[in-house]
Amino acid sequence: MSASLNAAVATATTTAVDPACAEPLAVLGRDVTVPLVTGGEVSYAALDYAASAPALQRVWDDVAAYAPYYGSVHRGAGYLSQLSTDLFEQSRVTVAEFLDCRPTDQVVFTRSTTDSLNLLAAVLPADCQVFVFETEHHASLLPWVDAQVTYLNAPRTPAEAVATLERALADRDPYGPALVCVTGASNVTGELWPVKELAAAAHAHGARIVLDAAQLAPHHPVSVQELDVDWVAFSGHKLYAPFGSGVLAGRADWLQQAQPYLAGGGASRKVARREDGGVDVEWHTTAARHEAGSPNVIGVYSIASACKALTEAGFENLVARERHLIAKVREGLAEVPAVRILSLFGDDAPRVGVISFVVDGWNSSHFAAALSAEYGIGVRDGLFCAHPLVRTLLGSEPQAQGECGAPEAAPGERSLNAIRVSFGAGTPDEHVERFVRAVKELVTDGAKWQYRTEEGRCVPAV
C-alpha cells in the first residue's frame, strides 16, 4: 500500500526562490470558468481562502490513490481494515510532527476547529476560568458557556494584548484552573498575534493556553514547543484538505480525566452489565477516548497529506510568496481613497493573506456581488463570524442604508458589514491583480449591472 500511495506523491522543492517568480501550489479549481453577467466567461478567482481553501492537487491525488483501499478503522481483521487503521494512526504521527508536539501530547481528530474547541470546553476542570479576547472568531469565543468567562477588550497593539491578559489573570479570584484562548492570526485582519508572549503570560500566572490556529497553520509553521502553548486547534478545510476533519493537539491530562466528548463505540475500552441492570464502562485513555464512532479516515488522511505537502514546499518559500501577494493587494487598495482597510495593530503589523476593508458609498454585500458577477472574483462579505471584532473595527461608521443587500438592522442600530479578500499558497498573481483592478473600476465607474436583494443577499437583477 505504501508504495502505491507514495507513487502518487510528488515532492515539492524546498529551494528558496524569488517570490515574484515562484509558482503557486497546484490546487483544484484553478481551471474552472464562470459566467459573467456582462457576457462571456472567465477563470474563477477564488479569494475566500479564509473560509475554505481549495484542496491541494497533491492531497486529492493522495486520497484518490488510497480510495480503493478504503476500509473500516479500528474495527476489522481484514487487510483493508488493517491498512486503513495503519494509515489513520500514521496520520496522527504526521500531524504531531507538523505541529512539533511534545512526546506526551495527544492528537485528537475532530470535525473542525469549532468542534476541537467545543471538545476542549467539555473537558475543562470544575471551576475553570476562561479568558478570551472579544476579537476571536465565534469558534473560540462561544464554546465556554459552562465556564466562568472573562471577555477581554480588543487591544490596539500586541504589547497591549499581553498587558491586558496579565492584568486579568493577576486579578482573578479564586486562584484555580484557568485557560486562555487566543487566535494565531485574525480571520478578519490577518494580523499575527503575539502567541508566544501570551503563552508566557498565561503560564506565569498558572493558566494554560489554547491556540486557535485555523488561520495560522495554512500560512506559517506552528510549533507547539516553540510557542509553548498547551493545545492547538485547526481545521483541514483551511489547510487545503477537504472532507470535514479537524485537530485538537496538546496536553493529555485534562483530556484523560474528563468524560468522553461523545459516548459510544471506539471511546469505550470495556463495557459490562451490572447485576442491578446498569452498565459499567471503562473508557480509553488514549486519543480514542474522544473519537467515538467510525472515524473519518479520508478526512484525517487528507490533513496528513496537506501537512506533508506544505512542509515539503517549505514554509519559508510559502511565506515569502504570500508576502509578495499581500503587498500587491495592500499597495493597490492604498491607491483607492474610498477604500479603508481594517486593522487592529496598524499597517506595519505582520499578517497572513487575509484583508478586510470597506468602501465609501458602497454596501459591502453590493460590492462583493459586483466582484463576483462582473469579474468572476469570489470574496466574503459580512461580519465573518467575528461580530464583536468587526463592529469594533467599524466603530461609528455607518454603511449606506437601503442599498442592495444591506443587512436589516434592529431599530436604533446601523447596518454594518465589510468585505474580506483572502488568499494563500494556491493563489496566482493574476487573481490578486484582477481583484485590485476590479476594485478600482467599481469605485471609479460603478457597477455595470443592476442588483436586487434576495433573501438578504445582493444578487444580479435578471
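Given the structure is predicted, the values throughout are model-derived calculations rather than measurements. Position numbers for residues count from 1 along each chain, tracking the sequence in the order it is written. Selection of residues for local features in this predicted model requires a pLDDT of at least 70, selection of side-chain atom pairs for listing and counting requires 80 or more, and totals for whole chains, interfaces and linings are taken over all residues. To obtain the side-chain values, all non-hydrogen atoms of the structure were included, while hydrogens and water were left out.

Enquirer: Give a detailed account of the packing of aromatic side chains, specifying residues and quantitative values.
Expert: Two aromatic rings from Phe, Tyr or Trp, using only the six-membered ring of Trp, form a pair when their centres are within 6.5 Å; if the ring planes differ by under 30 degrees the pair is stacked, by over 60 it is edge-to-face, and anything between is tilted. Across all of its chains, the model carries 11 aromatic pairs by this definition. Taken together, a centroid distance of 4.9 Å and an interplanar angle of 85° make the contact between W362 and F367 edge-to-face. Members of the aromatic cluster, connected to one another through ring pairs, are F357, W362, F367 and F435.

Enquirer: Give a detailed account of helix α13 (residues 387-394), specifying residues and quantitative values.
Expert: Looking at α13, one finds that the buried residues are L389, V390, L393 and L394. Taken around the axis of α13, the buried residues stretch over an arc of 125°, which confines them to a single face. Throughout, a residue-residue contact means that at least one pair of heavy atoms, one from each residue, lies within 4.5 Å. The helix and strand labels rest on DSSP assignments: H or I over at least four residues marks a helix, E over at least two residues marks a strand, and numbering proceeds from the N terminus. In the core, the buried residues of α13 are packed alongside β13 (339-341), β14 (354-359) and β16 (380-382). Two residues or fewer after α13 comes G395, characterised by a positive phi angle close to 55°. Residue burial is assigned from relative accessible area. The probe radius is 1.4 Å, only protein chains are included, and a residue is buried under 20% of its type maximum, exposed over 50%, and partly exposed in between. Arc, as used here, means the arc of the directions from the helix axis to the C-beta atoms.

Enquirer: Explain the sheet that holds strand β17 (residues 418-422) residue by residue, including any values.
Expert: Note on pairing: two strands pair once DSSP finds at least 2 bridges between them. Strand order across the open sheet formed by 4 strands is β13-β14-β17-β16, with antiparallel pairing between neighbours. Of all strands in the sheet, those bounded by a partner on one side alone are β13 and β16. The sheet shows a mean angle of 30° between the axes of neighbouring strands, direction not considered. Pairing between β14 and β17: 4 bridges, direction antiparallel. Of the residues in β17, the one forming a bridge with F357 is I419. To get an axis, fit a line to the C-alpha atoms, keeping to the stretch in contact for a helix; angles then go from 0 to 180 degrees between the N-to-C directions. Together, β13, β14 and β17 form the strand contacts of helix α11 (residues 315-334), whose direction differs from that of β14 by roughly 10°.

Enquirer: Let's hear about the environment of V358: which residues, and what values?
Expert: Of note, V358 is situated in strand β14. When the C-alpha atoms of V358 and A373 are compared, they prove to be 19 Å apart, with 15 residues separating the residues in sequence.

Enquirer: Account for the sheet that holds strand β9 (residues 231-235), naming residues and giving values.
Expert: Within the open sheet, the 7 strands sit side by side as β4-β10-β9-β8-β7-β5-β6. Their pairing is mixed. Two strands lie at the open edges of the sheet, namely β4 (106-110) and β6 (148-152), each paired on one side alone. Each strand axis lies, on average, 20° off the axis of its neighbour in the sheet, ignoring direction. The pairing of strand β8 (residues 208-212) with β9 spans 3 bridges and is parallel. Looking across to β9, one finds that D212 is bridged to A233.

Enquirer: I'd like a description of the side chain of R208, backed by residues and values.
Expert: The topology assignment puts R208 in strand β8. Looking at R208, its side chain comes within polar contact range of the side chain of D253, at 2.6 Å. When residues no more than four places from it in sequence are discounted, the contact partners of R208 are A178, L179, V180, A202, H203, D230, W231, R251, D253 and W254. Counted as a polar contact is a pair of N or O atoms within 3.5 Å, where, for protein atoms, one must be capable of donating a hydrogen and the other of accepting one, and residues adjacent in sequence contribute only when both atoms are in side chains.

Enquirer: So what about unusual backbone geometry? Which residues, and what values?
Expert: The backbone phi angle of Y240 is positive, close to 70°, even though this residue is not glycine. The residue Y240 is located in the loop between β9 and β10 (246-250) in this model. Here Y240 falls in the buried class, since its relative accessible area comes to 1%. With a phi close to 60°, F384 is a non-glycine residue in the positive phi region. Looking at where F384 falls in the secondary structure, it is placed in the loop between β16 and α13.

Enquirer: An account of the pattern of salt bridges is requested, with residue identities and associated values reported.
Expert: Definition used for salt bridges: Asp or Glu carboxyl oxygen within 4 Å of a side-chain nitrogen of Lys or Arg. Taken as a whole, this structure holds 20 salt bridges when the rule is applied. Here E89 and R92 are joined by a salt bridge, their closest N and O atoms 2.9 Å apart. Taken together, the residues span about one helical turn, with E89 and R92 both in helix α3 (residues 79-98) at a distance of 3 residues. Note that D429 and R321 form a salt bridge whose closest N and O atoms lie 2.9 Å from each other. Highlighted residues: D429 in helix α14 (residues 429-445) and R321 in helix α11, separated in sequence by 108 residues. A single burial state applies to D429 and to R321, both of which are buried.

Enquirer: Go over the packing of helix α2 (residues 57-66) against helix α10 (residues 297-313) with me, naming the residues and quoting the values.
Expert: The interhelical angle for the contact between α2 and α10, taken along N-to-C directions, is 135°, at an axis separation of 9 Å. With respect to α10, the element α2 is oriented oblique. You can see that α2 and α10 cross each other, and the crossing is right-handed. Residues R58, V59, D62, V63 and Y66 of α2 pack against V297, I298, Y301, S302, S305, A306, K308, A309 and E312 of α10. In what follows, roughly perpendicular refers to angles from 65 to 115 degrees, roughly parallel to angles under 35, roughly antiparallel to angles over 145, and oblique to any angle outside these ranges. The sense of a crossing depends on the near helix, which, turned anticlockwise from the far helix by less than a right angle, makes the crossing left-handed and, turned clockwise, makes it right-handed.

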